[in-house]
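Residues per chain, in single letters:
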Amino acid sequence: MSGRSFPVTFGAMLAPFLIWAGHFGLVYAINGAVCARSPEGAMLFGYPLSVALVAAATVLAMAWVAVLLVMALRGSGPAGHVASADPRRFARWFVVAGAGSALVAILWVGLPALLVPACG
């Protein structure tokens, strides 16, 4: 009998999408907070505050998804405990496809937030 439950395995399969969703919410929260508080001239590492925070969130999210992608391509990841090869192969394929989609989605959300002023 395996040590993992179905919800844990399913959550691991959905991890790239959950990371993308978290990044999406964080980018909008950063821009909303910056627009609401309007800290004039607030800078972080030489960049406007919202740009620096969105850039950091985007890099972290993309790195996290890339780690999941590499793990799935190497054959580890969700459903590693399942005895049959078919569910493992499907789970890894799902993570690879989800990670590829999440990388594009994270970049799609992050780039406009980096290029357009927060309240513009």
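The rules behind these values
- Residues numbered from 1 in each chain as written.
- Predicted model: local features only at pLDDT ≥ 70, side-chain atom pairs only at ≥ 80, totals over all residues.
- Heavy atoms only, no water.
- UniProt positions renumbered as here; feature names shortened; annotations may be inferred.
- Helix = DSSP H or I, 4+ residues; strand = E, 2+ residues; numbered from the N terminus.
- 1 Å grid on protein atoms, 1.4 Å probe; cavity = no way out; pocket = protein on both sides within 12 Å on 5 of 7 lines; lining within 4 Å.
- Points joined across faces, edges and corners; volume = space filled by probe spheres on them.
- Nonpolar A, V, L, I, M, F, W, Y, C, P; charged D, E, K, R; others polar.
- Phe/Tyr/Trp six-rings, centres within 6.5 Å; stacked < 30°, edge-to-face > 60°.
- Buried < 20%, exposed > 50% of the residue type's maximum accessible area, 1.4 Å probe, protein only.

1. Some words on the UniProt feature "transmembrane region" (unreviewed entry) in the chain
In the numbering used here, UniProt assigns the "transmembrane region" (unreviewed entry) feature to residues 45-73 and 93-115. This span, residues 45-73, is 86% helix and 7% strand, and a straight line between its end C-alpha atoms measures 35 Å. Summarising residues 93-115: 100% helix, 0% strand, and an end-to-end C-alpha distance of 33 Å.

2. Overview of the layout of surface pockets
In this structure, the largest pocket spans a volume of roughly 240 Å³. Considering the residues around the largest pocket, the lining is formed by 15 residues, among which Val 34, Pro 39, Pro 48, Ser 50 and Ala 118 are closest to the centre. With three residues, the top contributor of residues to the lining of the largest pocket is helix H3 (residues 49-73). Broken down by class, the residue content of the lining of the largest pocket amounts to 11 nonpolar, three polar and one charged.

3. What about the packing of aromatic side chains?
Summed over all chains, the structure comprises six aromatic pairs. Plain terms: the ring middles of Phe 6 and Phe 10 are 5.6 Å apart, the flat faces sit at 15° to each other, and that makes the pair stacked. Highlighted residues: Phe 6 and Phe 10, both in helix H1 (residues 6-13), separated by four residues, approximately one helical turn. For Phe 10, a relative accessible area of 39% gives the class partly exposed. Connected via pairs of aromatic rings, a cluster forms that spans Phe 17, Phe 90, Trp 93 and Phe 94.

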